[in-house]
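# Residue-level structural notes
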Amino acid sequence: MNPLHRWWLRLFAAPRLDIPEGYEAVRRVQSRLGDRPLRRAEDLVLPVPGPVPAVPVRRFRPARRTRDAVVVYLHGGGWVTGDVRSHTAACAALADALGCELVSVDYRLAPEHPFPAGLEDCLGVVRRVLEEEAGTPVVLMGDSAGGNLAAAVCAILRDERRDERRDDQGDERRADTGAIAAQVLLYPVMWDDHDPATSPFPSVAEHGTGLRLTTIEIEDYMRLYVPDAAARHDPRVAPLRAEDFSDLPPTLVITAELDLLRDEGEEYAQRIAVAGGIARVQRVPDEVHGFITHPRFSRAVREAHGWIVDVLDEVLGPTQPGATAGAVRAPATLPDPPADPGGRR
């Protein structure tokens, strides 16, 4: 890339922090910056099935509703920072761009509430929305750690539906994408090892220092989220550790070229496609991790919105008369998987 552009990105990258010592300060700054008057949004406490009786959410209405669907959004922040306030501008822009309601989940954060607390909250909200919005397509979306949680929720719901079909039909199994109409994952965390010396993904070594997210920071976040190192191999923590990628919802993965998580997100889409599923990858050139929270007029945000609209039109049907819907198939340009994606290179 242009050396001047790389210098500019490094200059304005997030300040380097000791995450275990500084995460509370990050939360305070995010809350202040994100604390703004709400327009076409309301805060709710949603009763949910699961270990907690209710989970706070923020529900956004679009400026103009053009799509009969509900998006459930899971925010990023390394499972440790971020909340509905830090992502309010991004979620409001998404609701307007997609023309549908969006529910942002204020799930519990580590280290006060380590794995699987946040995942349980997200799963409970998705189940409640599916119940309340019966007959309405529900799309699951998340960025970074939120993308990780979204992928884990989709796999859990897929397995539950399989169990229900086995109970009803003996051992017979039919292809079923589950109750989620589609999942959209923005630069998601899909793997548990981000040490440049041992990670099977080249982007970790290529872009793990000096930019928006570093290998040290993602490793610190992972340790706070899952203190037990052995538990980090759980597919609910590292979705690429799963043995089965079939029967998952149609999937769009959007990555950033200069993000250390780029390759693992693209590999996840590759696995779904190889398993016979519907998947697409879109990579934003010359962009870093976390771009969905940039102003809605930025190039990366506008491109991401356009890709998401295209995929939802294809999966759910177009919003405009005369448009043509079609299947979303994995493109032939997906990157090759690592030589040994399940182990070490």
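The text that follows walks through the structure, step by step, so that each part is easy to find. (Residues numbered from 1 in each chain as written. Predicted model: local features only at pLDDT ≥ 70, side-chain atom pairs only at ≥ 80, totals over all residues. Heavy atoms only, no water.)

## Notes on the packing of helix H3 (residues 88-98) against helix H9 (residues 299-316)
- Running from amino to carboxyl end, H3 crosses H9 at an angle of 45°, the nearest separation of the two axes being 10 Å. Here H3 lies oblique to H9, going by the angle between them. Two packed elements cross with a definite hand, and for H3 against H9 that hand is right-handed. From H3, Ala93, Leu94, Ala97 and Leu98 reach across to H9, where they touch His305, Ile308, Val309 and Leu312. (Axes fitted to C-alpha atoms, helices over the stretch in contact; angles between N-to-C directions. Helix = DSSP H or I, 4+ residues; strand = E, 2+ residues; numbered from the N terminus. Parallel < 35°, antiparallel > 145°, perpendicular 65-115°, else oblique. Left-handed = near helix turned anticlockwise from the far one by under 90°. Contact = heavy atoms within 4.5 Å.)

## What to know about the nonpolar core
- Grouped together as the largest cluster of nonpolar side chains are 61 residues, with contacts concentrated most on Val72, Val125, Leu140 and Tyr268.
- Considering each element in turn, this core owes the most residues, nine residues, to helix H5 (residues 145-169).
- With residues up to four places along the chain from it excluded, the contact list for Tyr268 reads Ala151, Gln183, Leu185, Met190, Pro239, Leu240, Phe245, Leu248, Thr251 and Val253.
- In terms of nonpolar packing, the next biggest core, distinct from the first, is built from 29 residues, Tyr73, Leu98, Cys100 and Val139 among them. (Core = buried A, V, L, I, M, F, W, Y, C linked by side-chain atoms within 4.5 Å. Buried < 20%, exposed > 50% of the residue type's maximum accessible area, 1.4 Å probe, protein only.)

## As for the sheet that holds strand E5 (residues 138-143)
- Spatially, eight strands are ordered E1-E2-E4-E3-E5-E6-E7-E8 in an open sheet, and the strand pairing comes out mixed. Of all the strands in the sheet, just strand E1 (41-47) and strand E8 (279-284) have a single pairing partner and so form its edges. Taken pair by pair, the neighbouring strands of this sheet meet at an average axis angle of 20°, ignoring direction.
- The pairing of strand E2 (residues 54-60) with strand E4 (residues 101-105) spans four bridges and is antiparallel. Note that in E4 the partner of Phe60 across the bridge is Leu102.
- Of the strands in this sheet, strand E6 (182-186), strand E7 (251-256) and E8 touch helix H8 (residues 262-274), which is tilted by about 160° from E7. (Pairing = 2+ DSSP bridges.)

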